[in-house]
Amino acid sequence: MTTFPMPADEAEARAVQDALRAGVVLDESGPPPGTGHVTGVDVAYDEGRDIVVAAAVVLDAGTLEVVAESTARGRVSFPYVPGLLAFREIPTVLAALEGLSVDPGLVVCDGYGLAHPRRFGLASHLGVLTGLPAIGVAKNPFTFRHAQPGPRRGDFSPLMDEGEEVGRALRTQDGTKPVFVSVGHRTGLDNACAHTLALARDFRQPETTRRADALCRSALREAVA
């Protein structure tokens, strides 16, 4: 089981991010889109009961059929702090991943990787801890500038921070709002965008995220019933 010591406060959490960031691998292109497994991870909270539920759903990358799935339940053990959300989510996400019966392959997070103030968002954090290739596909922009991409599926514009491209605003369906793609670990940005498009055949969000979101919400309802 992957260990995850919880930091005592915000300063310690930022120090953990800074230390682990050196482990991010950026010189691998990652698995080819449409091959092997892709796994979506997501979490749902009941703040009133201090409960967090995570889901991991493995899809066949070619057919997008579900291969395996797992959920885990935990306690919210770190406060809500922008830029430090991984510390609220990763312990339970790790438990969900470890409950899978198959190799997860590429992990797709509902969040960011390098497109993070310290270049170490959820996708990077999870990738370094597990060693798995990981990307972040977020629904909303974080703190970085970008122009609006063109209106057609596949159009994109860079997310820029001080002259560095840290991710892309990517249009996954004609005329819809873009999603925000960034590298997490062991995957290049071009490949991350190609995976995102392959997974978003019919909807704005990747099928991995849609399936994991539905599963964790269902599991949370059962947990608090």
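Conventions adopted
Residues numbered from 1 in each chain as written. Predicted model: local features only at pLDDT ≥ 70, side-chain atom pairs only at ≥ 80, totals over all residues. Heavy atoms only, no water. Helix = DSSP H or I, 4+ residues; strand = E, 2+ residues; numbered from the N terminus. Rg over C-alpha atoms; globule rule 2.2 N^0.38 Å. Buried < 20%, exposed > 50% of the residue type's maximum accessible area, 1.4 Å probe, protein only. Pairing = 2+ DSSP bridges. Axes fitted to C-alpha atoms, helices over the stretch in contact; angles between N-to-C directions. Contact = heavy atoms within 4.5 Å. Salt bridge = Lys/Arg side-chain N within 4 Å of Asp/Glu carboxyl O. Parallel < 35°, antiparallel > 145°, perpendicular 65-115°, else oblique. Left-handed = near helix turned anticlockwise from the far one by under 90°. Nonpolar A, V, L, I, M, F, W, Y, C, P; charged D, E, K, R; others polar.

S.K.: I'm lost on the overall build of the protein in this one. Help?
M.R.: Within the protein, the regular secondary structure consists of five helices and eight strands. Secondary structure elements in the protein, listed N-terminal to C-terminal, are α-β-β-β-α-β-α-β-β-β-β-α-α. For 225 residues, the compact-globule estimate of 2.2 N^0.38 gives 17 Å, and the protein sits close to it at 16 Å. Along the longest, intermediate and shortest principal axes, the C-alpha atoms of the protein span 45 × 40 × 30 Å. For the protein, with 225 residues in total, the buried portion stands at 51%.

S.K.: I keep staring at the pairing of strand β6 (residues 156-161) and nothing clicks. Help me out?
M.R.: Regular strands have side chains that alternate between both faces of the sheet. In this structure, β6 lies alongside strand β7 (residues 164-170), joined through six bridges in antiparallel fashion. Note on β7: the bridge partner recorded for Ser 157 is Ala 169.

S.K.: What is the right way to read the sheet that holds strand β4 (residues 106-109) from this model?
M.R.: Strands in a sheet are paired, the pairing made by backbone hydrogen bonds, and the direction either parallel or antiparallel. Here we have eight strands laid out as an open sheet, ordered β3-β2-β1-β4-β5-β8-β7-β6, and mixed in their pairing. The two strands at the open ends of the sheet, each matched to only one other strand, are β3 (66-75) and β6. Strand-to-strand, the axes of this sheet are offset by a mean angle of 25°, without reference to chain direction. Two strands pair when backbone bridges link them, and β7 and strand β8 (residues 179-185) are joined in this way by three bridges, in the antiparallel orientation. Paired with Arg 168 across the two strands is Val 181, which belongs to β8. Across the sheet, helix α2 (residues 86-98) lies against β1 (37-46), β2 (51-60) and β3, angled at about 45° from β2, the strand it touches most. Strands in contact with helix α5 (residues 207-224) are β1, β2, β3 and β4; relative to β2, the strand with the most contacts, it is inclined by about 145°.

S.K.: Could you clarify how one ought to interpret the side chain of Thr 92 in this entry?
M.R.: Tracing the chain through its elements places Thr 92 in helix α2. Assessed through its relative accessible area of 5%, Thr 92 is described here as buried. Residue contacts for Thr 92: discarding those within four places in its chain leaves Val 52, Val 53, Ala 54, Ala 72, Arg 73 and Gly 74.

S.K.: I tried to follow the pattern of salt bridges on my own but got confused; where do I start?
M.R.: Close approach of charged atoms lets side chains of opposite charge pair. Taken as a whole and judged by the stated rule, the model has 13 salt bridges. Here Arg 49 and Asp 46 are joined by a salt bridge, their closest N and O atoms 2.9 Å apart. With a closest N to O distance of 3.3 Å, Glu 164 and Arg 119 form a salt bridge. Residue Glu 164 is found in strand β7, and its partner Arg 119 is found in the loop between β4 and α3 (122-130); the two are separated by 45 residues along the sequence. Judged by its relative accessible area of 40%, Glu 164 falls in the partly exposed class. One salt-bridge network, in which partners are shared between bridges, spans Arg 119, Asp 161 and Glu 164.

S.K.: So what exactly am I meant to see when it comes to the pairing of β2 here?
M.R.: Burial within β2 is extensive, with nine of its ten residues counted as buried. Looking at chain direction, β1 and β2 are connected through ten bridges and run antiparallel. For Tyr 45, the partnering residue across the bridge sits in β2 and is Val 52. With nine bridges joining them, β2 and β3 adopt antiparallel strand pairing. Among the inter-strand pairings, Val 58 is bridged to a residue of β3, identified as Ala 68. Hairpin connection between β2 and β3: a loop of five residues separates the two successive antiparallel strands, and Leu 64 in this loop has a positive phi of roughly 65°.

S.K.: Before we go on, may I ask you to explain the packing of α2 against α3 in this structure?
M.R.: The geometry of a pair of packed helices is captured by two quantities: the angle between their axes and the separation between those axes. At a minimum axis separation of 11 Å, α2 and α3 run at an interaxial angle of 45°. As far as their axial angle goes, α3 and α2 are oblique. Helix-helix and strand crossings are classified by hand; for α2 and α3 the assignment is right-handed. Taken together, the residues of α3 that come into contact with α2 (itself represented by Ala 86, Phe 87, Glu 89, Ile 90, Val 93, Leu 94 and Leu 97) are Leu 122, His 125, Leu 126, Leu 129 and Thr 130. Looking at the contact of α2 with α3, its residues break down into nine nonpolar, two polar and one charged.

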